[in-house]
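Listed below are the residues making up each chain.
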Amino acid sequence: MIFGILKPYPSPLISGRGIDLDFPLLAGCLALLGLGLVMITSASSEVAAVQSGNPLYHMFRHLVYVALGLGAGVLTILVPIATWQRMGFMMLIGAFGLLVMVLVPGIGREVNGSMRWIGFSFFNVQPSEIAKVFVVIYLAGYLVRRQTEVRESWMGFFKPFIVLLPMAGLLLMEPDFGATVVMMGAAAAMLFLGGVGLFRFSLMVVLAVISVVVLVQAQPYRMARLITFTDPWSDQFGSGYQLTQALIAFGRGEWLGVGLGNSVQKQFYLPEAHTDFVFSVLAEELGVIGSLLTIALFVFITVRALYIGLWAEKAKQFFAAYMAFGLSFLWIGQFLINIGVNVGLLPTKGLTLPFLSYGGSSLVICCACVGLLLRIEWESRTHLGSEEHEFNESDFAEETSHGR
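Residues numbered from 1 in each chain as written. Predicted model: local features only at pLDDT ≥ 70, side-chain atom pairs only at ≥ 80, totals over all residues. Heavy atoms only, no water.

So, on to the overall build of the protein. Counting its secondary structure elements, the protein contains 15 helices and 3 strands. For the protein, the residues scored as buried account for 50% of the 404 residues in total. Pairs at least 24 apart in sequence give 70% of the contacts found in the protein among residues at least 6 apart. When the accessible surface of the protein is totalled, it reaches about 18,000 Å², and 69% of it is carbon and sulfur. (Helix = DSSP H or I, 4+ residues; strand = E, 2+ residues; numbered from the N terminus. Buried < 20%, exposed > 50% of the residue type's maximum accessible area, 1.4 Å probe, protein only. Contact = heavy atoms within 4.5 Å. Areas by Shrake-Rupley, 256 points an atom, 1.4 Å probe, with all protein chains shown as cover.)

Locating Ile 40 in the fold gives a position in helix H2 (residues 23-52). A residue is classified by how much of its surface remains accessible, and Ile 40, at 0% relative accessible area, is buried. Here the alpha-carbon distance between Ile 40 and Val 278, two residues 238 residues apart in the chain, equals 7.2 Å. In contact with Ile 40, other than residues within four places in its own chain, are His 58, His 62, His 274, Leu 356, Ser 357 and Tyr 358.

An ideal rise of 1.5 Å per residue puts 38 Å on 26 residues; helix H14 (residues 318-343) measures up with 37 Å between its terminal C-alpha atoms. Of all 26 residues in H14, 21 are buried; the element is thus mostly enclosed. One or two residues past the end of H14 sits Gly 344, with phi positive at roughly 85 degrees. (Expected span 1.5 Å × (residues − 1).)

Another point: the pattern of salt bridges. Applying the stated criterion to the full structure yields 9 salt bridges. Across the salt bridge formed by Glu 285 and Lys 266, the nearest N and O atoms sit 3.7 Å from each other. Remark: Lys 266 occurs in the loop between helix H12 (241-253) and helix H13 (278-314) and Glu 285 occurs in helix H13; sequence separation between them is 19 residues. Accessibility expressed as a relative area gives 1% for Glu 285, which makes it buried. Two residues, Arg 375 and Glu 379, come together in a salt bridge whose shortest N-O distance is 2.8 Å. Here the residue Arg 375 and the residue Glu 379 both occupy positions in helix H15 (residues 360-382), the gap between them amounting to 4 residues, near one helical turn. Relative accessible area serves as the criterion here: at 2%, Arg 375 is assigned to the buried category. What emerges from the salt-bridge pattern is a single network uniting Asp 20, Glu 377 and Arg 381. (Salt bridge = Lys/Arg side-chain N within 4 Å of Asp/Glu carboxyl O.)

Turning our eyes to something else, we now look at the packing of aromatic side chains. Tallied over the full model, the rule gives 11 aromatic pairs. Consider the rings of Trp 154 and Phe 157, whose centres lie 6.3 Å apart with planes at 80 degrees: the pair is edge-to-face. Of this pair, Trp 154 and Phe 157 both sit in helix H8 (residues 154-173), 3 residues apart, which is roughly one turn of that helix. Note on Phe 157: relative accessible area 1%, which makes it buried. For the pair Phe 157 and Phe 161, a centre-to-centre distance of 5.7 Å together with 65 degrees between the ring planes defines the contact as edge-to-face. (Phe/Tyr/Trp six-rings, centres within 6.5 Å; stacked < 30°, edge-to-face > 60°.)

Moving on: the pairing of strand E2 (residues 114-120). Within a regular strand, the side chains alternate between the two sheet faces. Within E2, 5 of the 7 residues are buried, which leaves it mostly tucked inside the rest of the structure. Taken together, the 3 bridges between E2 and strand E3 (residues 123-125) define a ladder with antiparallel strand orientation. Considered in E3, the bridge of Ile 118 is made with Val 125. (Pairing = 2+ DSSP bridges.)

Let us now look at the confidence of the model for the protein. Predicted coordinates in areas of low pLDDT are best not read in detail. Mean pLDDT for the protein: 85, with 89% of residues reaching 70 or above. Per-residue pLDDT, averaged within each element of the protein, yields its smallest value for helix H1 (residues 2-6) (48) and its largest for H13 (95). The low-confidence segment residues 1-5 (pLDDT under 50) makes 3 contacts with residues lying over four places distant or belonging to another chain. (pLDDT = per-residue confidence, 0-100.)

Here it is as structure tokens:
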């Protein structure tokens, strides 16, 4: 039924030229998906064997998430970017609705002291993952509609925060400090690329730093994490336990690692070994070389995504460009925070590593973002991203060279 609705709209998958995708980005993301499946299988085997009696329990569940994610990616490829632009305000309302729902007792599900999930029998949905993408889509539309106002007036600069600050407040109520930082960081980057003056942007950065300091001091557990982060060995078996175990994993890995599946830290020493700290297990088993190659893959797909935004901007498809930039910065923020936490450069924060960590919501949303980026690249390359243009099959009679 869905394919029938979308049939009138050409796409990289159903045009007369066959599959016409940005294969470098697709290959990089699929490589990370494959690596994530391998590492989750390895990192979760001991925990799964004890908790469920099946060492492959988490692997099978992750395969289901991968299938759902690939399906979400295909669907987003089929939808024209103009459709996402028209739905921006509805998505913003939906994001607020989800973030309110997760705080309602009986609907939201509490895990490790945080109300971040809405439970649906066999799986949980994390609204913050969806809300971050919806905010990017809405803000991209705002930057197109109010471009002159954003660049020339204080009011155009402050208006987005009428939306962003209440949403940040809802995230902090869960609490989800990491998602708040990533969302606000991506929004700030989008505003800067949208033309906000350097003085106003600098003021925003100063206010953001002050806000982070206040928020950290407002909660004792955040202060404890910050203090522990500076010297985790001072409380090795207390608040610094998770970070010290992660650092031990890095130390054991040395240059070439102890070998796939041979991690000792995953055997109940390192908490959350297959979720937030999967990169530590990867470093232990694959060593410095494997870690650097994984980081290189992350750098490649984020730089490629930024280039897709640049190509869309050159094609004068500004909504698509801002959306690509926003999605790129969501990935960059999560990469930097998760890996920074794993190596001890940042205080411990519960934030998944895109494509690699175990978690259905994060994986499905990451795949959907890949689909959006592939669609943006195709529309900018074929110059068929205009909302007013009427498409038919004759528009795709000849193959367009990729040239990228």
